[in-house]
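# Survey of secondary and tertiary structure
Given next are the chains, with one letter for each unit.
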Amino acid sequence: MTGEPFGFAGRTFGSRLLVGTGKFSAHTVMRDAVVASGAEVVTVALRRVDLDRAGEGDVLDHVPPGLVLLPNTSGAVDADEAVRLARLARAGGLPTAVKLEVTPDPRTLAPDPVETLRAAERLVADGFTVLPYCSADPVLCRRLEEAGCATVMPLGSWIGSNRGLRTRDALEAIIEAAGVPVVVDAGIGVPSDASEAMEIGADAVLVNTAIAVARDPVRMARAFALAVEAGRLGYEAGQGAVRGATSSEASSPLTGFLG
Amino acid sequence: MASAPGAFASSGLLGRARAAAADHYAPTDVERAIGAERLDLRDVAALLSESAADATEALAQRARAVTLQRFGRAIRLFAPLYVSNACLSTCTYCGFSKDLEVARRTLTPAEVAGEARVLAARGFRSLLLVSGEHRREVSPEYLVECAARVATVVPQVAIETQTWDRATYARLAAAGVEGAVHYQETYDRERYAEVHRLGWKRDYDRRLTAVEEAGASGLRRIGIGVLLGLHEDWRADVLALAAHARWLQRTAWGVEVTVALPRMKPSAADDRPRAVLDDATYVRALCALRVALPDAGIVLSTRESPGLRDGLARICVTSMSAGSSTEPGGYSTPGAAQEQFSISDERTPAEVAAALDAMGYEPVWKDAFALSPSAEIF
């Protein structure tokens with residue numbers, strides 16, 4: 001969707017970098033990194049949020065003011081849990097735009113496509129704005145879009161793995177077909193991975209581990225901000241054709257006989 | 001009559017672990033294992049071998065990298081809540097052993113909730129209900145009631161009690177219990193029989209199989225471990241633990257597996273360890289577990305000293321108890337009952353958290369949402 005601004009739930013954002021808040025050495029480091037990233041949307045795991053400790057150093061106290069808070073259901077293993085968690089969060093006064101995560105496999109944290117779709121349908125019907133973390137599956141992404149999700153968030157590689165866009169072919173197909181913003185989530189390990197995602201036409205990327213566990217998270221956050229911007233500009237500018245590494249003029253033309 | 005071997009005991013993995021531990025390894029085996037993306041049992045055995053003694057720093061660096069990527073700079077904190085030291089099992093190493101004449105106490109569910117509130121006020125949001133093995137005093141009904149009450153105080157509740165059947169684990173899960181901890185103590189059958197003399201825990205296969213039952217019950221976290229020093233061949237025990245953890249990860253795929261390697265501590269039982277690991281060897285054993293099991297949480301108790309705990313937090317440990325009392329009622333009314341063992345890290349939870357913070361690690365108090373359907377807050 002060249003030239004279109006990125007947004008959801010009726011809002012548009014200048015930054016196409018979304019960031020997470022886990023794995024940081026301290027909430028203060030997280031806050032500084034979020035600021036340096038220029039992100040306008042920040043996701044927070046509800047399982048880490050402690051409303052009983054609000055104002056006393058809870059993670060929410062350290063999210064810079066003015067940003068859009070996107071609670072996520074990380075830790076939910078099925079649709080029932082994710083829906084219950086989102087509703088409890090809404091009852092606790094948290095936003096109704098929710099990053100849906102249903103990850104029953106504790107090793108890969110791979111999203112469960114069946115339960116994610118079920119949860120999305122129920123949450124949309126219940127008035128939530130749903131941004132589902134999902135497998136890089138073009139059919140699933142279409143189904144999530146049909147269910148009324150505000151975006152799709154396919155994975156680049158396993159969450160936290162920093163392995164880059166191992167699903168690139170699928171991501172390209174998803175981007176090609178999508179009628180909602182595509183946010184590449186999970187696996188983006190270095191700024192150039194973020195650029196790559198933007199260059200192939202992703203609307204935005206979400207980065208957490210790569211920033212949180214960098215030696216200097218604040219500097220890395222800035223690097224990602226620049227990379228996302230560069231990648232987007234590159235996409236909008238329109239890339240020239242790429243010549244194969246070994247391609248050259250054929251030594252004897254095959255169609256010369258046609259005259 | 002002893003129970004029949006379960007699926008893990010029948011898998012042949014224990015024999016392979018024992019054989020791998022008995023083999024000899026060259027420094028080149030150690031070097032390759034430290035660099036390997038995926039380690040097999042023999043790679044892990046190499047890391048535990050004498051040949052790896054000089055490679056502890058290199059192994060620690062690798063372990064740290066693995067931990068950082070998977071778990072970040074964060075350490076989860078929890079507290080054990082001892083509900084009872086009543087026990088019908090005779091185990092030579094334990095301060096709660098049936099034949100010991102010690103002050104016994106089983107808290108009422110109301111008292112358990114009171115202890116939970118004291119711990120919540122100290123910051124904890126994750127509690128482990130611990131007991132001896134007494135089926136009448138600590139019955140499934142009692143545990144369900146305790147868990148249901150505690151689940152209204154904190155979002156994360158696990159149990160470390162005697163083993164149960166699948167239906168009981170399912171009842172506990174429905175009451176809001178998230179995980180069960182059952183250490184095999186030693187995977188060596190002969191040594192197991194020597195130290196577990198009488199009672200429910202004497203049945204090696206029942207204990208080992210219970211972990212499989214718990215994994216199929218709807219519980220989502222299983223903690224396993226060995227009591228280091230109980231068996232002379234500690235390498236075989238650590239290797240068996242690694243094999244067991246991997247097997248569980250494969251067969252109970254939706255269950256999070258955590259591992260622990262408590263070292264034997266002096267207790268009222270005062271049984272002498274058969275193997276004594278110095279700190280460097282202990283650290284190496286934990287690092288070997290980390291690289292063997294990149295996705296498994298590693299749990300460390302207050303049995304270890306503050307210096308060692310802080311050091312391990314930066315290498316491979318992901319979850320720690322803090323400010324622990326191992327005596328039932330010990331948080332509200334200390335001194336009324338026998339403790340299970342004496343602790344080494346006597347810092348308060350706030351002091352442990354401050355030490356983690358000073359090292360550049362976030363102390364994580366809450367890392368779960370309430371599973372109890374009646375919870376009004378997540």
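Residues numbered from 1 in each chain as written. Chains lettered and ligands numbered in written order. Predicted model: local features only at pLDDT ≥ 70, side-chain atom pairs only at ≥ 80, totals over all residues.

## Looking at the overall build of chain A
- Across its full length, chain A carries eight helices and ten strands.
- Taken over the C-alpha trace, chain A has a radius of gyration of 20 Å; the compact-globule value for 259 residues is 18 Å, and the two agree within 12%.
- Its C-alpha atoms give chain A principal-axis dimensions of roughly 80 × 40 × 35 Å.
- Burial status across chain A gives 48% buried among its 259 residues. (Helix = DSSP H or I, 4+ residues; strand = E, 2+ residues; numbered from the N terminus. Rg over C-alpha atoms; globule rule 2.2 N^0.38 Å. Buried ≥ 20, exposed ≤ 12 C-beta atoms within 10 Å, placed from the backbone.)

## Section: the environment of Asp137 of chain A
Residues and elements named next belong to chain A.
- Locating Asp137 in the fold gives a position in the loop between strand 7 (129-134) and helix 4 (138-146).
- Overall, Asp137 belongs to the partly exposed group, with 19 C-beta atoms counted inside 10 Å.
- The residues touching Asp137, leaving out its near neighbours within four places in the chain, are Pro113 and Ala170. (Contact = placed C-beta atoms within 7 Å.)

## Comments concerning the nonpolar core
- Within the largest apolar cluster, 206 residues are counted, with the highest numbers of intra-cluster contacts made by Val205 of chain A together with Leu127, Val150 and Leu239 of chain B.
- Considering each element in turn, this core owes the most residues, ten residues, to helix 10 (residues 234-251) of chain B.
- If sequence neighbours within four positions are ignored, Leu239 of chain B has contacts with Ala17, Ala20, Ala21, Leu41, Val44, Ala45 and Leu48 of chain B. (Core = buried A, V, L, I, M, F, W, Y, C linked by C-beta atoms within 7 Å.)

## As for the packing of helix 1 (residues 13-22) of chain B against helix 10 of chain B
All names here are of chain B.
- At a closest axis distance of 8 Å, the pairing of helix 1 and helix 10 adopts a crossing angle of 140°. When the axes of helix 1 and helix 10 are compared, the pair comes out oblique. Once helix 1 is placed against helix 10, the crossing between them reads as right-handed. In contact with Leu13, Leu14, Ala17, Arg18, Ala20 and Ala21 of helix 1, helix 10 contributes Arg235, Ala236, Leu239, Ala240, Ala243 and Trp247.
- Per-class residue counts for the contact of helix 1 with helix 10 are ten nonpolar, no polar and two charged. (Axes fitted to C-alpha atoms, helices over the stretch in contact; angles between N-to-C directions. Parallel < 35°, antiparallel > 145°, perpendicular 65-115°, else oblique. Left-handed = near helix turned anticlockwise from the far one by under 90°. Nonpolar A, V, L, I, M, F, W, Y, C, P; charged D, E, K, R; others polar.)

## A look at the pairing of strand 5 (residues 177-181) of chain B
Residue and element names in this part refer to chain B.
- With respect to burial, strand 5 is a largely interior element, five of its five residues being buried.
- As judged from the three bridges shared by strand 4 (residues 156-160) and strand 5, these two strands associate in the parallel manner. Its bridge partner being in strand 5, Val157 is matched across the sheet by Val177.
- Once the chain exits strand 4 it traverses helix 7 (residues 166-174) before rejoining the sheet at strand 5, and the crossover so formed is right-handed. (Pairing = 2+ DSSP bridges. Right-handed = clockwise from strand over helix to strand, strands pointing away.)

## Regarding the confidence of the model for chain B
- In the predicted model, chain B carries a mean pLDDT of 93, and the fraction of residues at 70 or more is 99%.
- For this predicted complex, the interface score ipTM comes out at 0.82, alongside a pTM of 0.90. (pLDDT = per-residue confidence, 0-100.)

## Some remarks on the interface of chain B and chain A
- Every contact between the two is made by 24 residues of chain B and, on the other side, 26 residues of chain A.
- Top element by residues in the side of chain B that touches chain A is helix 4 (residues 56-71) of chain B. It accounts for three residues.
- In terms of residue class, the side of chain B that touches chain A is made up of nine nonpolar, five polar and ten charged.

## Some remarks on helix 2 (residues 27-35) of chain B
All names here are of chain B.
- Along helix 2, the positions that sit buried rather than exposed are Val30, Ala33 and Ile34. Summarising the axial view, the buried residues of helix 2 lie within an arc of 100°, below the 170-degree limit, and thus occupy one face. Among the exposed residues of helix 2, those pointing more than 90 degrees away from its buried face are Thr28 and Gly35.
- Of the surrounding elements, those touching the buried residues of helix 2 are helix 3 (41-48) and helix 4. (Arc of directions from axis to C-beta.)

## Quick word on the pairing of strand 9 (residues 297-300) of chain B
Residues and elements named next belong to chain B.
- Here three bridges tie strand 8 (residues 256-260) to strand 9, and the two strands are oriented parallel to one another. By the bridge assignment, Thr258 is partnered in strand 9 with Gly297.
- In this structure, strand 9 lies alongside strand 10 (residues 319-321), joined through two bridges in parallel fashion. Bridging from a neighbouring strand, Leu300 pairs with Met320 of strand 10.
- Between the parallel pair strand 9 and strand 10, the chain is carried across by helix 12 (residues 306-313), and the sense of this crossover is right-handed.

## Concerning the packing of helix 4 of chain B against helix 11 (residues 279-292) of chain B
Residues and elements named next belong to chain B.
- Viewed as axis vectors pointing N to C, helix 4 and helix 11 meet at an angle of 40°, and their least axial separation amounts to 9 Å. The orientation of helix 4 relative to helix 11 falls into the category oblique. The two elements helix 4 and helix 11 cross, and the hand of that crossing is left-handed. Taken together, the residues of helix 11 that come into contact with helix 4 (itself represented by Thr56, Leu59, Ala60, Arg62, Ala63, Val66 and Thr67) are Ala280, Val283, Arg284, Cys287, Arg290 and Val291.

## Observations regarding the environment of Phe124 of chain B
Residue and element names in this part refer to chain B.
- Looking at where Phe124 falls in the secondary structure, it is placed in the loop between helix 5 (109-121) and strand 3 (126-131).
- The sequence separation of Phe124 and Pro155 amounts to 31 residues, and the corresponding C-alpha distance is 9.8 Å.
- Apart from the residues within four sequence positions on either side, Phe124 is in contact with Leu77, Phe78, Ala79, Leu119, Val154, Pro349 and Trp365.

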